[in-house]
Amino acid sequence: MDGRKTPLSERVTTEKFYYYFAVTIMATIPAGEFITELFRQPYVTQPLIVALYGCAGLFSVMCFFLGKSRSGKMELYGSDVFFILLVIFSVISLALSKDIVNSLMGYGYDEWIFNFLAYFSLMFAGTMINDMKLRKKVLYVFAAVALFNCLIAFFQSFGLRIADCCHMPEWHNQYNAAFGLTQNCNFFAGLCVLFSALSAGMFIFAENGRKKLLLLAFHMLCFYCTIASTTRISWLGNLGIHFFYAISFIVMKIKGYDRTKLKKYVRSWGAVLAVSVLVLAYFAVFTDVLSSGLKETLADISGDFDFEAFGSRRGYIWKFGLEAVPDNWAFGVGLDNYSYAFFSNPKWQRGMYYNDKGHNEYLHILVTQGVFAAVNYISMLVYACAAGVRTVVNTKDEEKRKLTWILLGMFAGYAAQALVNSSLINVAPYFWLTVGMTMPKSEQKVLRFKGKKHNTEKS
């Protein structure tokens, strides 16, 4: 021991650092909101917390790449390339924004550049957590956050709220729509779909016993809260989860996976479906959540189809966004500047409805950041999904297979609901971490770029 302290630049690039980076932001987002809501001050801490983590995350990743570069032998993975491109396209989109003030500022609905950096850093952190003990601990923290949020949402569904909802409080109070520790039931639906998928996966792959029964009750709570959000977004997300499991079981059977284990998992999945049916029966008998949602869905697909009215006017929002693409195809209208798609359209006039979000995450990126950013984002999702599927199919480590299988279920549920929902400060971080953990670097192939070697020998 020479008594020298490890430089900060090295301490912030370790696997342990990225583990704590991930779990602390997961826990701090709802904890900060809970504390401020006790003082009737909702949504005060969350944007700042995520922004601060964005600064810390960017510093860490820069130290990581600089350290690799100075070592004389640069090793990159596919996820590293995606990270770099995510940052580059975001910065370019911000710099070339048609309304730089709107891109830089905004509040409530809006995402700042430092929030995006937090998302990207969480994805990077997820890829750096390779130790199975740490990976499992991340899921346990995820589960604790889910339980905390869902208990609050459960009481909200019966009119017991710490504070009123930020957006449309009268409507949420009238229908007792669950919004958890977010600003809106639609936002909470996206987050709760992740919780529903996590709890379902943990139950499906758990060993028999009391713990498994508790996990089934946990899933019942999470699924209940998705429906209690009163949103059809949650329906789409849950369908995505179960579609994924149905396909994955078929694929694993074709690949010759252990039949005994597969039958056990399928039976557990059947129990999840049975519990879901019981929850839906409760809502069908004692509330009008399902009936009103079904009426809206039938109206969307009726014979006199009106695209602009589709999905609570999502068609209208999508139409203006798509019409802005041809003139701004390369780098978009500006980072998180979707409203410009309305203001710049000759058809739009003052007083007409507009929205700051695309209500489709993929379209939102296309409109605000351009084709290159959208292709990069979708390619990253495909890459992460492919890495996760390879792990589930090929690994000999059963614990690694189960954990990755759970993550893929979460991935599928969120990706499905993202077709009609928006990226939000207190929801998106959980998905970006899920994406990163789906493709840990231990399961990726390294891309090597050899530079000059430093001569450390004495002449």
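Residues numbered from 1 in each chain as written. Predicted model: local features only at pLDDT ≥ 70, side-chain atom pairs only at ≥ 80, totals over all residues. Heavy atoms only, no water.

Here we look at the overall build of the protein chain
Moving on, step 1. Looking only at helices and strands, one finds 19 helices and two strands in the protein chain.
Moving on, step 2. Relative to a compact globule of 459 residues, whose C-alpha radius of gyration would be 23 Å, the protein chain shows 23 Å and is just as compact.
Moving on, step 3. Along the three orthogonal principal directions, the C-alpha set of the protein chain runs to about 85 × 60 × 50 Å.
Moving on, step 4. Every one of the 459 residues in the protein chain was classed for burial, and the buried ones make up 55%.
Moving on, step 5. Taking contacts inside the protein chain between residues at least 6 apart in sequence as the whole, the part at least 24 apart equals 77%.
Moving on, step 6. Only carbon and sulfur atoms are counted for the fraction: they give 65% of the accessible area of the protein chain, which is about 21,200 Å². (Helix = DSSP H or I, 4+ residues; strand = E, 2+ residues; numbered from the N terminus. Rg over C-alpha atoms; globule rule 2.2 N^0.38 Å. Buried < 20%, exposed > 50% of the residue type's maximum accessible area, 1.4 Å probe, protein only. Contact = heavy atoms within 4.5 Å. Areas by Shrake-Rupley, 256 points an atom, 1.4 Å probe, with all protein chains shown as cover.)

Considerations on the confidence of the model for the protein chain
Moving on, step 1. Residues of the protein chain with pLDDT of at least 70 account for 96%, and the chain-wide mean is 93.
Moving on, step 2. Contacts from residues 451-459, a stretch scored under 50 in pLDDT, to residues over four places away or in other chains number five contacts. (pLDDT = per-residue confidence, 0-100.)

A word on a nonpolar patch on the surface
Moving on, step 1. Judged by side-chain polarity, Leu147, Leu151, Phe155, Phe158, Leu160, Tyr282, Val285 and Phe286 come together as a nonpolar surface patch covering roughly 800 Å² of accessible area.
Moving on, step 2. Listing elements by their share of the nonpolar patch, those giving two or more residues are helix H7 (132-156) and helix H12 (259-286).
Moving on, step 3. Relative to the helices and strands, Phe158 is located in the loop between H7 and helix H8 (169-175).
Moving on, step 4. On the accessibility criterion, Phe158 (45% relative accessible area) is partly exposed. (Patch = residues over 30% accessible without salt bridge, like charges linked within 9 Å, V, L, I, M, F, W, Y side chains within 5 Å. Salt bridge = Lys/Arg side-chain N within 4 Å of Asp/Glu carboxyl O.)

Some remarks on helix H16 (residues 361-369)
Moving on, step 1. Taken across its nine residues, H16 has eight buried, putting it largely inside the fold.
Moving on, step 2. Within the span of H16, buried status applies to Glu361, Tyr362, Leu363, His364, Ile365, Val367, Thr368 and Gln369.
Moving on, step 3. The inward-facing, buried residues of H16 contact helix H4 (78-95), helix H6 (113-128), helix H14 (310-324), helix H15 (340-343), helix H17 (371-394) and helix H18 (398-417).
Moving on, step 4. A distance of 3.0 Å separates the backbone nitrogen of Tyr362 from a side-chain oxygen at the start of H16, and that oxygen is part of Asn360.
Moving on, step 5. Positioned one or two residues after H16, Gly370 has a phi angle of 95 degrees, which is positive. (Polar contact = N/O pair within 3.5 Å; in protein donor to acceptor, adjacent residues only side chain to side chain.)

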